[in-house]
Amino acid sequence: MATHGEQLYEGKAKILYATEDPNLVIQYFKDDATAFNAQKRGTIMDKGACNNKMSSHLFQLLEASGVPTHFVKQLSDREMLVKKLQIVPLEVTIRNITAGGMAKLLGIEEGIVLARPVFEWHYKSDALGDPLINDDHILALNLATSDELETIRQLSHRVNDMLSAYFAKRGIDLVDFKLEFGRHDGQILLGDEISPDTCRFWEQGTRRKLDKDRFRRDLGDVEAAYQEMLRRVLE
Ligand code: 5GP
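Residues numbered from 1 in each chain as written. Predicted model: local features only at pLDDT ≥ 70, side-chain atom pairs only at ≥ 80, totals over all residues. Heavy atoms only, no water.

### Re the nonpolar core
Judged by nonpolar contacts, the single largest core of 49 residues is most densely connected at Leu90, Trp121, Leu190, Ile194 and Phe201. Considering each element in turn, this core owes the most residues, 7 residues, to helix H4 (residues 146-168). Residues from two domains meet in this core; each of domain 1 (7-83) and domain 2 (88-221) gives at least three. Contact partners of tryptophan 121, with chain neighbours within four places excluded, come to Leu90, Glu91, Val92, Pro131, Leu132, Ile133, Asn134, Asp135, Ile138, Leu149, Ile152 and Arg153. Residues Ile15, Tyr17, Leu24 and Ile26 belong to the second largest nonpolar core, which totals 6 residues. (Core = buried A, V, L, I, M, F, W, Y, C linked by side-chain atoms within 4.5 Å. Buried < 20%, exposed > 50% of the residue type's maximum accessible area, 1.4 Å probe, protein only. Helix = DSSP H or I, 4+ residues; strand = E, 2+ residues; numbered from the N terminus. Domains from an automatic or database assignment. Contact = heavy atoms within 4.5 Å.)

This is the structure we're talking about:
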């Protein structure tokens, strides 16, 4: 493990540490897993190392195709050096196939291939369960500027286009995913992680789930699913 400074923040799946450079922080990836707003808790063996490796790989891929991210470098199995962000208190979800929250919200079945991607803003609040909000809520509450919303929307669609194609080549449907963005030096950067914790991955053809839904829904073989996704991403 690299040396790091004081702990700045501990979240459900990661810890942030300071470094000697005030512009850089270390994301430490834990094996802890939570679901349903932390009502369900557990551990997924080697999840931290898996998510760090997968996120590092995908962030570099996205950077290369013009999506600015907070990624600087992978420091160790569980540590990623990233640019310090002032987090925009929003979570973006993009959906290509119905599942989870959208199926529940609208009372529709999971697995419907959408005619076009669905973009959602959620207000980042554990206490409220990250409720769905719209542009008016965000602008009226000064959570972000309209320029920032436009940038985030465009970058998110680019991420969807890139990753959908990348995973399709590896026999995986990118069903939906969540992104978080932040401000650094006046620029909007993609932050957080991209992993089976934050995306739904279905094997093409069989629709076998290869993501955190195996933990959320007690489907078993959770560790194996994470390892299989890492192998497919790196192949
Ligand atoms: P849903 O709204 O259907 O629960 O989630 C949509 C997608 O975003 C899923 O791929 C899910 O994993 C991800 N997602 C949404 N909210 C969160 C969150 O608070 N934490 C994590 N790790 N993923 C989330």
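### So, the sheet that holds strand E7 (residues 79-83)
Whether parallel or antiparallel, the strands of a sheet pair through hydrogen bonds between backbone atoms. In space, the 5 strands of this open sheet follow the order E1-E2-E3-E7-E6, with antiparallel pairing throughout. Strands with a single pairing partner mark the edges of an open sheet, and in this sheet they are strand E1 (7-10) and strand E6 (71-74). Sheet twist, expressed as the average angle between the axes of neighbouring strands with direction ignored, equals 25 degrees. Here E1 runs beside strand E2 (residues 14-18); their pairing, made up of 3 bridges, is antiparallel. If you follow glutamine 7 over to E2, its bridge partner there is tyrosine 17. (Pairing = 2+ DSSP bridges. Axes fitted to C-alpha atoms, helices over the stretch in contact; angles between N-to-C directions.)

### Focus on the packing of aromatic side chains
Summed over the entire model, instances satisfying the criterion amount to 5 aromatic pairs. Ring centres 5.8 Å apart and planes at 90 degrees place the aromatic pair tyrosine 166 and phenylalanine 167 in the edge-to-face group. Taking the relative accessible area as the measure of exposure, tyrosine 166 reaches 9% and is therefore buried. The side chain of lysine 40 reaches across the aromatic face of phenylalanine 215, ending 5.1 Å from its centre. (Phe/Tyr/Trp six-rings, centres within 6.5 Å; stacked < 30°, edge-to-face > 60°. Lys NZ or Arg CZ within 6 Å of the ring centre and 35° of its normal.)

### A word on the domain arrangement of the protein
On domain assignment, one finds that the protein holds domain 1 (7-83) and domain 2 (88-221). Measuring from the centre of the C-alpha atoms in domain 1 to the corresponding centre in domain 2 gives 17 Å. On the domain 2 side, the residues contacting the 31 residues of domain 1 number 26 residues. Here domain 1 and domain 2 share an interface that buries about 2,400 Å² over both sides, 64% of which is from carbon and sulfur atoms. Of all residues in domain 1, Lys40, Leu58 and Pro68 bury the most surface against domain 2, accounting for 20% of the area lost on that side. Inspection of the domain 1/domain 2 interface yields 5 salt bridges. As a salt-bridge pair, lysine 14 and aspartate 192 come within 2.9 Å of each other at their nearest N and O atoms. Our enumeration of links across domain 1 and domain 2 arrives at 18 residue pairs in polar contact (both at pLDDT 80 or more). Mapped by element, the contributors of at least two residues to the side of domain 1 that touches domain 2 are strand E3 (24-29), strand E4 (32-35), strand E5 (40-43) and helix H1 (47-64). Counting residues per element, the side of domain 1 that touches domain 2 draws most heavily on H1, at 9 residues. Of the residues assigned to the side of domain 1 that touches domain 2, the class counts are 13 nonpolar, 12 polar and 6 charged. (Buried area = accessible area lost by both parts, 1.4 Å probe. Salt bridge = Lys/Arg side-chain N within 4 Å of Asp/Glu carboxyl O. Polar contact = N/O pair within 3.5 Å; in protein donor to acceptor, adjacent residues only side chain to side chain. Nonpolar A, V, L, I, M, F, W, Y, C, P; charged D, E, K, R; others polar.)

### Overview of the site of the ligand
Near the ligand, the surroundings consist of 14 residues, among which Arg95, Gly101, Asp176, Arg200 and Arg216 are the closest. One of the side-chain N or O atoms of aspartate 130 is found 3.2 Å from an oxygen atom in the ligand. Here an oxygen atom of the ligand sits 2.9 Å away from a polar atom, N or O, in the side chain of arginine 200. Broken down by secondary-structure element, the contributors of at least two residues to the shell around the ligand are strand E9 (90-97), helix H2 (100-106), strand E12 (172-179) and strand E15 (199-203). For the shell around the ligand, a count of residues per class yields 2 nonpolar, 4 polar and 8 charged. (Near = heavy atom within 4 Å.)

### Remarks on unusual backbone geometry
Positive phi outside glycine occurs at aspartate 46, with the angle close to 65 degrees. In this fold, aspartate 46 is placed in the loop between E5 and H1. Residue class for aspartate 46 comes out partly exposed when judged on its relative accessible area of 38%. In this structure, aspartate 218 is a non-glycine residue whose phi angle is positive, near 55 degrees. With respect to the secondary-structure elements, aspartate 218 resides in the loop between helix H5 (213-216) and helix H6 (222-234). Judged by its relative accessible area of 63%, aspartate 218 falls in the exposed class.

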